[in-house]
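Each chain, written out:
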Amino acid sequence: EEIARSVESISTAARESAAGVTQVSDTARRLEGLSEDLQGRLSQFEVGRGRSASEQDPVEADAREEAPAGEPSRSNGRTGDGETRNGNVKTGTP
């Protein structure tokens, strides 16, 4: 009788363990899908020439977006000569 209870206990533990493994496997697959989706979304952004986003110089990034002198930039409303479209002189702060 004691042996039968022990065998049943081991069987129950094995089933629960298998269910846990299945759940972890399913979660890992979902996480892999999310990771691939995130990687695809991140690949749409150009971060810079070998530097991480946290190392980017915001003033340098603004300079790349500016248009030639006198022509308004489509992205930031500034002209290449240091003025905004409304004629205000830009400061070092974006």
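Higher on the page you've got the structure.
What counts and how
- Residues numbered from 1 in each chain as written.
- Predicted model: local features only at pLDDT ≥ 70, side-chain atom pairs only at ≥ 80, totals over all residues.
- Heavy atoms only, no water.
- Helix = DSSP H or I, 4+ residues; strand = E, 2+ residues; numbered from the N terminus.
- Buried < 20%, exposed > 50% of the residue type's maximum accessible area, 1.4 Å probe, protein only.
- Contact = heavy atoms within 4.5 Å.
- Areas by Shrake-Rupley, 256 points an atom, 1.4 Å probe, with all protein chains shown as cover.
- Salt bridge = Lys/Arg side-chain N within 4 Å of Asp/Glu carboxyl O.
- Patch = residues over 30% accessible without salt bridge, like charges linked within 9 Å, V, L, I, M, F, W, Y side chains within 5 Å.

**Q** Explain the overall build of the protein chain to me, using residue names and the numbers behind them.
**A** The secondary structure content of the protein chain amounts to two helices and zero strands. Relative to its 94 residues, the protein chain shows a buried fraction of 9%. Within the protein chain, residue pairs in contact and separated by at least 24 positions form 6% of the contacts whose partners lie at least 6 positions apart. Accessible surface, the protein chain as shown: approximately 7900 Å² in total, 54% of it carbon and sulfur.

**Q** Kindly report on the pattern of salt bridges, identifying the contributing residues and their values.
**A** Applying the stated criterion across every chain, the model contains four salt bridges. With a shortest N-O distance of 3.0 Å, Asp 26 and Arg 29 are connected by a salt bridge. In this pair, Asp 26 and Arg 29 are both assigned in helix H1 (residues 2-42), three residues apart and thus about one turn of the helix distant. Take Asp 26: its relative accessible area is 34%, and that puts it in the partly exposed class. The class of Arg 29 is exposed, set by a relative accessible area of 52%.

**Q** Report on a nonpolar patch on the surface, specifying residues and quantitative values.
**A** A cluster of nonpolar side chains, namely Leu 38, Leu 42 and Phe 45, defines an oily patch on the protein surface of about 340 Å² accessible area. Secondary-structure assignment places Leu 38 in helix H1. Given a relative accessible area of 48%, Leu 38 falls into the partly exposed group.

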